[in-house]
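# Close look at the chain arrangement
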Amino acid sequence: MNEIRDLIIGIDFGKEYSQICYYDRKGDEPRSVSMKVGSEQFEAPTLLCHRGEHKDYCVGLEAEYFARDRGGILIDSLYDLCRKEEAVQVGTETKQPWELLAVFLKGMLKFLGVMDVVKNTKCLVITAQELDQVQVSNFQRACQALGFLEDKYLLLDYGESFFYYIMTQKRETWNRSVGWYDFNGDRVQFRKLVMQGGSPVLVQLEDLGECSLTGLLTEEAEASREKAALHRDSDFLAFIQKTLGTDLYSSIQITGKGFDPKWAKQSVRLLCQQRRKVYFGNNLFAKGACGAGKEKIEDRNLKGYRYLSPSLVLTDVGMEMRVMGSPTYYPLIHAGVNWYECKACCELILDDTKELVFVVSTMGQEGKKRISMGLPGLPVRPNKTTRLSLELQYISKDLCRITVKDLGFGEMYPSSGKVWKDSVKW
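Described in the following lines is the structure provided in the data block. (Residues numbered from 1 in each chain as written. Predicted model: local features only at pLDDT ≥ 70, side-chain atom pairs only at ≥ 80, totals over all residues. Heavy atoms only, no water.)

### Details of the overall build of the chain
What counts is decided by this rule: Think of it this way: any DSSP run of H or I at least four residues long counts as a helix, any run of E at least two long counts as a strand, and we number them from the N terminus. Between buried and exposed lies partly exposed: a residue is buried under 20% and exposed over 50% of the maximum accessible area for its type, with that area taken using a 1.4 Å probe on protein chains only. Throughout, a residue-residue contact means that at least one pair of heavy atoms, one from each residue, lies within 4.5 Å. To be clear on the numbers: accessible area is Shrake-Rupley with a 1.4 Å probe, and residue cover counts the displayed protein chains and nothing else. Think of it this way: Lys and Arg go in the positive column, Asp and Glu in the negative one, and His and the chain ends go nowhere. Where a charge sits is defined by one atom per residue type, namely NZ (Lys), CZ (Arg), CG (Asp) or CD (Glu).
Check the secondary structure of the chain and you find eight helices and 27 strands. Seen through its principal axes, the chain has C-alpha atoms that stretch 90 × 60 × 40 Å. Residues classed as buried in the chain amount to 46% of the 426 residues present. Put simply, 62% of the contacts in the chain that link residues at least 6 apart link residues at least 24 apart. Per element, the accessible surface of the chain, about 22,300 Å² overall, is 48% carbon and sulfur. Each charge sign in the chain was given a centre, from 57 positive and 57 negative side chains, and these centres are 3 Å apart.

Set out below in structure tokens:
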């Protein structure tokens, strides 16, 4: 590794395997980190092992070894555990899911071989297949436990990682539509990255279906294996014909476990027609996460494009206030940002009112609406002597949590300690 400071790191936290990469500024591209010195093994099993005699944990291949040969306690469902809130018993210890996640992430970061990696990291980007409320909370708490401030890490799902991976490649690979075949054993899903002209250009992943592939490739007899491969190739070929149709594609990406060029002979020939570039690999999401960090933190070359993620908040939220004596609209939440990145806070002084009024507008809809939040039990004070703190934070795509605290007004009107909370679907 040739980077030791201002690191931009991408981690693919997968169900079975995870990967880590960093942005190689000399080569101007994300570069995968091997799990074994001198090898090209870039995948680490998403495992933890508690080593009782050492009173510590190890990850990946080392976790497999210590659990198999040294009697360690294997934690082999880490991905699923991090989708839950319940504590986990590990030997004599009780661990929260986010604590185990922090241990795993710390173990992955060690593969970089950088002293004080947190201090020398400019941006850590973690990607997972999906991100729900519990997962996001566990990731956030894990990153904070490792010492990463809020502005030093980002979370993406696989769809958004795919977007950043594609859009940070050479333009000829995405100047038309991009196809994505994602394998999961005997099933394959097809999605299409499409762009709608405008300012900004809207980019979206369209889900165009999935299919099952017949042909079990575990038969011992060579003749049976060849027959199974032909069936599998034929099924995939039919699915390609159905999904690609006559549309024009710049490139085709193939990911996941279950695809092998050895059986996909007819399929690959069809995919490569019409000068389509076809890529197959298992490091797309880690590199996409790394590319996202470089783009968002430094380059900003894609500011004219907006990826329409399913996680996007579609509402602008603000308030009408007086700022420096002049009436104005004060924005709090901006539409077009992933819900787990949507957070705003401010302090305000009430002026002839006992409630807060939010001004809300929704993408694609005309007009604005006003939504009020009452403050029952608000202390009675002279006008303009009640100071409040206001915090908005999305806890899911549609649900925003509002927290208001009475700050009082100096020594004359000390805080009552009152707190008002509400959860709103704008």
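### Things to note about the sheet that holds strand E24 (residues 369-374)
Sheet strands line up and pair through hydrogen bonds in the backbone, either parallel or antiparallel. Counted only if it meets this: What makes two strands pair is DSSP finding at least two bridges between them. The axes are straight lines fitted to the C-alpha atoms, using for helices just the contacting stretch, and the angles between their N-to-C directions are given from 0 to 180°.
Strands sit in the order E20-E19-E23-E24 across an open sheet of four strands; the sheet is antiparallel. Each edge of the open sheet is held by one strand with a lone partner, namely strand E20 (326-333) and E24. Pairs of neighbouring strands in the sheet enclose a mean axial angle of 35°, with direction left out of account. Bridging between strand E19 (residues 315-323) and E20 involves seven bridges; their strand directions are antiparallel. Its bridge partner lying in E20, Met321 is registered against Thr328.

### Some points on the pattern of salt bridges
This is how the line gets drawn: The salt bridge criterion pairs a side-chain nitrogen of Lys or Arg with a carboxyl oxygen of Asp or Glu, the two atoms within 4 Å.
Using the criterion set out here, one finds 21 salt bridges in the structure. For Asp56, the salt bridge goes to Arg51, with nearest N and O atoms at 2.8 Å. Of the residues examined, Asp56 reaches a relative accessible area of 26% and is grouped as partly exposed. Owing to a relative accessible area of 12%, Arg51 belongs among the buried residues under this scheme. Salt-bridge contacts for Lys192 lead to Asp247; the nearest nitrogen and oxygen are separated by 2.9 Å. Of this pair, Lys192 sits in strand E13 (residues 187-196) while Asp247 sits in the loop between helix H6 (222-244) and strand E15 (249-257), placing them 55 residues apart in sequence. For Lys192, a relative accessible area of 10% translates into the label buried.

### Regarding the pairing of strand E12 (residues 177-184)
Every other side chain in a regular strand lies on the same face of the sheet, so the side chains alternate between the two faces. Burial within E12 is extensive, with seven of its eight residues counted as buried. Sheet analysis places E12 next to E15, joined by eight bridges and oriented parallel. When the sheet's bridge partners are listed, Gly179 is paired in E15 with Ile252. Counted along the chain from E12 to the antiparallel partner E13, the turn is two residues long, and its residue Gly185 has a positive phi close to 70°.

### Re the packing of helix H5 (residues 158-167) against helix H8 (residues 284-299)
So the rule is basically this: An angle counts as roughly parallel when it lies under 35 degrees, as roughly antiparallel when it exceeds 145, as roughly perpendicular when it falls between 65 and 115, and as oblique in every other case. Here a crossing is taken to be left-handed if its near helix is turned anticlockwise relative to the far helix by less than a right angle, and right-handed if that turn runs clockwise. Note on residue classes: Ala, Val, Leu, Ile, Met, Phe, Trp, Tyr, Cys and Pro are nonpolar, Asp, Glu, Lys and Arg are charged, and everything else, Gly too, is polar.
Taken N-terminus to C-terminus, the directions of H5 and H8 make an angle of 70°; their axes are 7 Å apart at the nearest point. Here H8 runs roughly perpendicular to H5, going by the angle between their axes. Regarding H5 and H8, the two cross each other, and that crossing is left-handed. From H5, Tyr158, Glu160, Ser161, Phe162, Tyr164 and Tyr165 reach across to H8, where they touch Leu284, Phe285, Lys287, Gly288, Ala289, Ala292, Glu295 and Lys296. A per-class count over the contact of H5 with H8 returns eight nonpolar, two polar and four charged.

### With respect to the packing of aromatic side chains
Put simply, the test is: In this scheme Phe, Tyr and Trp rings, the latter by its six-membered ring, pair at centre separations within 6.5 Å, and the angle between planes marks the pair as stacked below 30 degrees, edge-to-face above 60, and tilted otherwise. Think of it as a cone above the ring: NZ of Lys or CZ of Arg counts as a charge over the ring if it is within 6 Å of the ring centre and within 35 degrees of the ring normal.
Enumeration according to the criterion identifies 23 aromatic pairs in this entry. Ring centres 4.3 Å apart and planes at 10° place the aromatic pair Phe162 and Trp180 in the stacked group. Highlighted residues: Phe162 in helix H5 and Trp180 in strand E12, separated in sequence by 18 residues. Measuring from centroid to centroid gives 5.8 Å for Trp180 and Phe285, while their planes differ by 55°, and the two rings are tilted. Here Phe285 lies in helix H8 and Trp180 lies in strand E12, a separation of 105 residues in the sequence. In this structure an aromatic cluster arises from ring pairing among Tyr181, Phe183, Phe190, Phe236, Phe239, Tyr249, Phe259, Trp263 and Phe280. Above the plane of the ring of Phe66 lies Arg51, whose end atom (NZ or CZ) is 4.4 Å from the centre. Above the plane of the ring of Tyr17 lies Lys257, whose end atom (NZ or CZ) is 5.1 Å from the centre.

### Focus on helix H1 (residues 60-69)
Cut-off, in case you're wondering: The directions from the helix axis to the C-beta atoms form the arc being described.
Restricting attention to buried positions, one finds in H1 the residues Gly60, Ala63 and Phe66. Down the axis of H1, the sector holding all buried residues measures 110°, keeping them to one side. Structurally, H1 contributes buried residues whose contacts are with strand E4 (44-45), strand E5 (48-51), strand E6 (56-59) and strand E7 (73-75). Phi turns positive one or two residues past the end of H1, at Gly71, with a value near 75°.

### Description of the side chain of Asp12
Mapped onto the secondary structure, Asp12 falls in strand E1 (residues 7-12). The charged side chain of Asp12 is buried without a salt bridge, its nearest counter-charge being Lys257 at 9.7 Å. Among all residues touching Asp12, those that are not within four sequence positions of it are Tyr17, Ser18, Gln19, Thr127, Tyr158, Phe285 and Ala286.

### Topic: the sheet that holds strand E26 (residues 400-408)
Strand order in the open sheet formed by four strands is E22-E25-E26-E27, with antiparallel pairing between adjacent strands. Looking at strand neighbours, the two that pair on one side only are strand E22 (343-349) and strand E27 (419-424), the edges of this open sheet. Taken over all neighbouring pairs, the strand axes of this sheet differ in orientation by 15° on average, direction set aside.

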